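# Inside the fold
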Amino acid sequence: MKLVFPIAIAGFFIAPAQAVPPDHAERMTKGLELFRSDVAGILKEHCLKCHGGEKVKGDFDLATREGLLLGGAEGIAVKPFAAAESMMLKMIRHEEEPHMPEKKPKLPDAVIAKVAQWIDLGAPYDAPLVAGKVVKDKSQVTDEDRKWWAFVPLAKPAVPGDGHPVDAFLKAKAAEKKLPLSPEADRRTLIRRASLDLTGLPPTPEQVDAFIADQSPDAWGKVVDALLTSPRYGERWARHWLDVARFAESSGFEHDYDRPHAFHYRDFVIRAANADMPFDEFARWQIAGDEFAPGNPEAMMATGFLGAGVFPTQITANEVERTRYDAMDDMLATTGSAFLGLTVGCARCHDHKFDPIPAKDYYQMLTTFTKTVRSNVDLPLDPASVKKANAEFAQKDAEFEAALAALEKTLRVQMDEWIAKGSELPAAKKTEKKSETIPDAVLALQPKLREKKPLTAQESDTLFAWWRGRDGAWKKLDAKAKAHAKTDPKNGVPVMVCVEGYKPIVMHSQGAPFLEKTHILKRGDTNQKQAEATQGFLQVLSREGGIERWKWTPPAGAKYTGQRRTFANWMTDVEKGGGTIMARVTANRIWQQHFGRGIVATSNDFGKTGTLPTHPELLDWLAGELIRSGWKVKPLHRTILTSAAYRQSSAADAKKAAADPENTLFMRRLPRRLEAEAVRDSALATAGVLDATMFGAGTLDENSKRRSIYFRVKRSQLVNSMVVFDAPEPLVSQGSRPTTTVAPQALLLMNSPQIREWSLAFARRLLKDPVADGKDFSRLISRAYSIALCRAPSGAEMNAAAAFISSGLAAGPEKAVADFCQALLSTNEFAYLN
């Protein structure tokens with residue numbers, strides 16, 4: 001019986017097992033002697049510098065025997081006891097490229113012979129070629145790995161002091177540098193800050209005045225609650241999530257085909273935000289809404305998250321497998337970044353270089369999406385409207401049926417008269433474009449027609465089908481009836497979902513839309529398939545023995561496998577699964593949007609390549625509050641906004657800036673530029689022309705007056721005004737947006753025809769506003785400042801604005817005031833949140 005010893009790395013076999021020769025013990029002994037005497041020196045002198053010493057080229061590290069046997073980017077390098085089959089020896093012999101040593105003469109034959117002999121003896125090492133170097137088996141996650149701050153269970157920190165918990169945690173940290181919180185901002189600044197933060201729109205002058213007049217203890221709390229219940233809140237905060245979800249309505253790549261029914265996912269996110277859907281349910285529905293709530297249109301719509309990424313539309317036969325793995329990788333990598341704050345996708349080709357995420361874990365999670373594809377499914381989004389549409393369709397359908405029946409009755413009489421005459425079938429009528437073709441079944445009736453013999457019912461129907469098809473009026477009516485049939489609303493309207501068991505959206509592909517199995521791929525290469533993967537999850541986040549805790553089996557006859565629901569169960573489990581880190585990631589995202597920087601600055605990366613939390617106790621307390629509230633997000637908003645830290649003034653403080661340049665202690669408020677959508681939406685609201693219509697298909701027309709979230713996101717045709725103000729390309733999950741200050745932003749505000757149109761509308765609004773009093777420019781200027789900037793102008797500003805308007809009156813009051821309005825919309829103060 002022959003023994004074999006496969007080499008196992010990352011939890012699966014990486015090289016074909018080699019038959020062990022009967023004298024292997026003796027060979028290994030001789031091999032060790034040869035290694036000590038000659039081969040170690042040869043490898044150190046000619047190979048180690050590039051492969052394990054100063055660098056590791058081609059991912060081939062021969063500093064240890066484990067690394068030698070693992071191989072590199074070119075595959076397995078050495079097969080013990082089989083020198084002739086070893087790639088490394090072939091390269092040393094210059095039998096295959098790249099020749100080794102690189103860019104140096106071929107080694108002497110005697111030296112090569114020793115290396116070959118050593119491999120035939122089993123390629124043993126007596127010690128690493130680099131002292132102390134070991135190869136860690138990254139396929140097994142250790143207790144030490146689980147000690148990383150993001151992987152440990154949530155702490156239950158005691159609030160370090162009295163007062164608001166958020167302030168207490170921040171003060172405790174800042175006490176080391178003896179930095180106090182900044183004074184509270186004035187009320188006008190506060191309500192503008194909160195309104196833009198929570199709704200993306202400035203408050204009206206009346207709302208500002210009401211807040212200033214309200215001297216009750218909870219005046220600020222009432223402002224926050226009103227903003228959180230506004231339908232505008234969902235439109236604002238949905239946009240933040242759409243960045244994370246890499247949402248777009250086209251496929252990307254060179255053809256960038258439209259996805260006309262993808263906008264429903266955006267609408268789901270808005271509705272979920274406004275309803276304060278518990279975040280754990282929000283997460284579960286986006287992974288497996290169809291499995292958690294079958295029959296619920298909103299749950300189906302939520303799965304658009306998985307299908308929002310790019311996907312090629314021209315797939316040749318040799319690209320089918322790779323493209324499918326790319327599609328599944330997009331689903332998994334985005335899920336990992338969005339919900340877990342981990343770069344899971346980095347483990348596709350090898351064990352994660354920094355985080356304890358083995359390639360084995362990656363492929364076990366990837367199986368979740370083995371059969372998950374994009375589909376357009378008819379859903380009853382609004383039962384009442386669908387019922388109405390069905391009734392209207394049925395009525396019209398009945399009208400077509402009645403009209404066709406009446407016409408066919410007339411045509412049948414005409415045909416019977418024609419038969420009674422014993423008429424001949426017409427000869428083929430040829431034209432330049434076509435000739436009439438008479439079916440064989442009709443031609444076979446010619447003898448009976450000549451002899452005026454009666455036709456059977458079946459023969460009569462066959463003849464009539466041909467007869468009516470020659471009638472122009474019937475053809476037109478039939479074409480209209482068929483066109484109408486295609487508008488059948490059935491049970492709803494088409495929605496793009498990403499599920500299993502429905503007809504997939506088919507692109508120009510020479511292969512199936514999905515693979516029946518997911519395999520572990522060596523180096524992510526579909527040409528190097530290894531074992532079939534079975535579902536599993538990240539070891540480092542799993543505090544239970546196996547998958548059974550989360551496994552869900554669907555009912556008999558279900559369209560789905562249950563794997564996505566199983567994955568979502570694990571991901572949201574705060575006791576034994578990924579729920580702990582998901583709570584931290586979610587709380588951090590909310591903090592980031594309110595303060596401009598997260599407690600963890602790298603909101604999509606809580607791993608070792610990300611930044612450490614500045615206030616880990618505060619983050620755990622916030623995450624705990626989120627869970628304790630039933631994963632409701634709005635209470636967490638209220639907690640943050642009612643803190644003194646949120647209400648700080650943004651006045652410059654040189655001492656604090658010197659002590660904490662990056663403001664990591666949050667002891668001051670830094671002004672920050674609004675995002676593209678908030679800049680544009682605020683301009684529309686200020687001009688008084690904002691179209692508040694919610695939901696539905698978007699547009700690429702920059703003249704649209706709807707909120708910017710309703711722009712259609714076409715990857716190859718992004719809206720210019722959004723791009724100029726740093727809206728991201730929706731290719732991968734974006735945890736945060738950059739904030740640039742570049743000339744095109746000012747040029748857009750000065751030259752955009754839309755900005756000019758809105759400036760004219762703002763002018764007309766002011767000239768008609770009784771408070772502004774168009775005949776008194778001082779009152780008009782004050783009103784303009786209160787609408788646009790939520791404050792009164794200073795004396796210098798009043799004088800400058802009055803002089804500016806007066807200088808342009810020759811062109812008419814409306815144009816002069818519009819010039820002033822455009823200048824106001826173009827100020828830094830309008831585009832910045834203080």
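Residues numbered from 1 in each chain as written. Predicted model: local features only at pLDDT ≥ 70, side-chain atom pairs only at ≥ 80, totals over all residues. Heavy atoms only, no water.

For the chain, the count of helices and strands is 32 helices and 10 strands. Relative to the globule expectation of 28 Å for 834 residues, the C-alpha radius of gyration of the chain, 36 Å, shows a markedly less compact shape. Projected onto its principal axes, the C-alpha positions of the chain cover 105 × 100 × 55 Å. Among the 834 residues that make up the chain, the fraction classed as buried is 50%. Positive and negative charge centroids in the chain, built from 112 and 104 side chains respectively, lie 2 Å apart. (Helix = DSSP H or I, 4+ residues; strand = E, 2+ residues; numbered from the N terminus. Rg over C-alpha atoms; globule rule 2.2 N^0.38 Å. Buried < 20%, exposed > 50% of the residue type's maximum accessible area, 1.4 Å probe, protein only. Lys, Arg positive; Asp, Glu negative; His and termini not counted. Charge placed at Lys NZ, Arg CZ, Asp CG, Glu CD.)

A few words on the environment of Gly58. Mapped onto the secondary structure, Gly58 falls in the loop between helix H1 (24–46) and helix H2 (65–70). With 561 residues separating them in the primary sequence, Gly58 and Leu619 have C-alpha atoms 41 Å apart. With residues up to four places along the chain from it excluded, the contact list for Gly58 reads Gly72 and Ala73. (Contact = heavy atoms within 4.5 Å.)

Further remarks concern the pattern of salt bridges. Under the defined criterion, the tally for this structure stands at 60 salt bridges. One salt bridge in this structure joins Arg232 and Glu235, with 2.7 Å as the shortest N-O distance. On the criterion of helical spacing, the pair formed by Arg232 and Glu235 is a turn pair, its members being three residues apart in helix H9 (residues 231–244). Judged by its relative accessible area of 17%, Arg232 falls in the buried class. (Salt bridge = Lys/Arg side-chain N within 4 Å of Asp/Glu carboxyl O.)

Buried residues of helix H5 (residues 165–174): Val166, Asp167, Ala168, Phe169, Leu170 and Ala174, and no others. Structurally, H5 contributes buried residues whose contacts are with helix H21 (579–595), helix H22 (616–628) and helix H23 (634–641).

Looking now at unusual backbone geometry. Residues Glu97 and Pro98 are joined by a peptide bond in cis, for which omega reads 0 degrees. Cis geometry marks the peptide bond from Met100 to Pro101, where omega comes out at -5 degrees. Mapped onto the fold, Pro101 is located in the loop between helix H3 (87–92) and helix H4 (109–120). In this structure, Asp276 is a non-glycine residue whose phi angle is positive, near 55 degrees. For Asp276, the location among the structural elements is in the loop between helix H10 (263–274) and helix H11 (279–292).

Here we come to the confidence of the model for the chain. As a general rule, the predicted coordinates of low-pLDDT regions are not to be interpreted in detail. When the pLDDT values of the chain are averaged, the result is 91; 95% of them are 70 or greater. Low pLDDT (under 50) marks residues 1–18, which in the prediction has 42 contacts with non-local residues, meaning those over four places away or in another chain. Across residues 428–433, confidence stays below pLDDT 50; counting only partners more than four residues off in sequence or on other chains, it has six contacts. (pLDDT = per-residue confidence, 0-100.)

Time to look at the packing of aromatic side chains. Following the criterion strictly, the structure yields 33 aromatic pairs and no others. Here Trp241 and Phe305 contribute two aromatic rings whose centre-to-centre distance is 6.4 Å and whose plane-to-plane angle is 25 degrees, an arrangement assigned as stacked. Taken as a pair, Trp241 in helix H9 and Phe305 in the loop between helix H12 (297–302) and strand E3 (314–315) lie far apart in primary sequence, 64 residues in all. Plain terms: the ring middles of Trp241 and Phe339 are 5.3 Å apart, the flat faces sit at 50 degrees to each other, and that makes the pair tilted. With Trp241 in helix H9 and Phe339 in helix H13 (residues 320–340), this pair connects stretches of sequence that are 98 residues apart. Taken individually, Trp241 and Phe339 each receive the classification buried, so the pair is uniform in this respect. Three or more aromatic residues link up through ring pairs in this structure, and these residues are Trp241, Phe247, Tyr265, Phe268, Phe279, Phe282, Trp285, Phe305 and Phe339. Directly above the aromatic system of Trp552 lies the positively charged group of Arg565, at a separation of 4.2 Å from the ring centroid. (Phe/Tyr/Trp six-rings, centres within 6.5 Å; stacked < 30°, edge-to-face > 60°. Lys NZ or Arg CZ within 6 Å of the ring centre and 35° of its normal.)

Moving on to the nonpolar core. Judged by nonpolar contacts, the single largest core of 118 residues is most densely connected at Trp241, Phe268, Phe339, Leu538, Trp570 and Trp591. Examining the composition of this core, we find that eight residues originate from one element, H21, more than from any other. Apart from the residues lying within four places of it in its own chain, the contact partners of Trp570 are Leu340, Met365, Phe537, Leu538, Leu541, Ser542, Trp550, Gly577, Gly578 and Gly579. Of all hydrophobic cores here, the second largest spans 38 residues; its members include Trp758, Ala761, Phe777 and Phe830. (Core = buried A, V, L, I, M, F, W, Y, C linked by side-chain atoms within 4.5 Å.)

With 13 residues, H22 extends 18 Å from end C-alpha to end C-alpha; this agrees with the ideal 18 Å at 1.5 Å per step. Those residues of H22 that fall on the buried side of the exposure criterion are Leu618, Leu619, Asp620, Trp621, Leu622, Ala623, Gly624 and Leu626. Packing partners of the buried residues in H22 comprise H5, H21 and H23. The first or second residue beyond H22 is Gly630, which carries a positive phi of 75 degrees. (Expected span 1.5 Å × (residues − 1).)

Its place among the elements puts Ser708 in the loop between helix H25 (676–687) and helix H26 (720–724). Residues Ser708 and Ala213 lie 495 residues apart in sequence; the distance between their C-alpha atoms is 33 Å. Aside from chain neighbours lying at most four places away, what touches Ser708 is Glu677, Arg680, Asp681 and Met722.

Here the focus is the packing of H13 against H21. For the pair H13 and H21, the least separation of the axes is 7 Å and the interaxial angle reads 70 degrees. Taken together, the axes of H13 and H21 are roughly perpendicular relative to one another. Seen from H13, the contacting residues are Ser337, Ala338, Phe339 and Leu340; seen from H21, they are Ile581, Met582, Val585 and Arg589. A breakdown of the residues in the contact of H13 with H21 according to their chemical character gives six nonpolar, one polar and one charged. (Axes fitted to C-alpha atoms, helices over the stretch in contact; angles between N-to-C directions. Parallel < 35°, antiparallel > 145°, perpendicular 65-115°, else oblique. Nonpolar A, V, L, I, M, F, W, Y, C, P; charged D, E, K, R; others polar.)

Time to look at the state of the cysteines. Two cysteines form a disulfide when their sulfur atoms are joined by a covalent bond. For the structure shown, the criterion picks out zero disulfides. The thiol of Cys50 is unpaired, and the distance to the nearest cysteine sulfur, on Cys47, comes to 9.0 Å. Not part of a disulfide, Cys821 finds its nearest cysteine sulfur in Cys790, a span of 15 Å. For Cys821, a relative accessible area of 0% puts it in the buried group. (Disulfide = S-S within 2.5 Å.)

Among the secondary structure elements, Asn604 is positioned in the loop between H21 and H22. Judged by its relative accessible area of 14%, Asn604 falls in the buried class. Looking at Asn604, its side chain comes within polar contact range of the side chain of Arg589, at 2.8 Å. If sequence neighbours within four positions are ignored, Asn604 has contacts with Ser337, Gly341, Leu342, Arg589, Ser733, Gln734 and Gly735. (Polar contact = N/O pair within 3.5 Å; in protein donor to acceptor, adjacent residues only side chain to side chain.)

Turning to the side chain of Glu500, a few remarks are in order. Position of Glu500 relative to the elements: it lies in the loop between strand E5 (493–499) and strand E6 (508–509). A polar side-chain atom of Glu500 sits 2.9 Å from the main-chain amide nitrogen of Thr561. At a separation of 3.1 Å, a polar atom in the side chain of Glu500 contacts the side chain of Arg564.

Where helix H8 (residues 219–229) meets H23, the axes come as close as 10 Å, and the angle between the chain directions of the two elements is 145 degrees. Considering only the axes of H8 and H23, their crossing is right-handed. Contacts between H8 and H23 involve Trp220, Gly221, Val224, Asp225, Leu228 and Thr229 from the former and Lys634, His637, Arg638 and Leu641 from the latter. Considered class by class, the residues forming the contact of H8 with H23 number four nonpolar, three polar and three charged. (Left-handed = near helix turned anticlockwise from the far one by under 90°.)

With five of seven residues buried, E5 is to be regarded as a mostly interior element. In the sheet, strand E4 (residues 373–379) pairs with E5 via seven bridges, with the strands oriented antiparallel. Within E5, the position partnered with Leu379 by the bridge is Val493. (Pairing = 2+ DSSP bridges.)

Moving on, we get to the environment of Pro554. Position of Pro554 relative to the elements: it lies in the loop between strand E8 (529–532) and helix H20 (563–571). Not counting the four nearest positions on each side in its chain, Pro554 is found in contact with Tyr560, Thr561 and Gly562.

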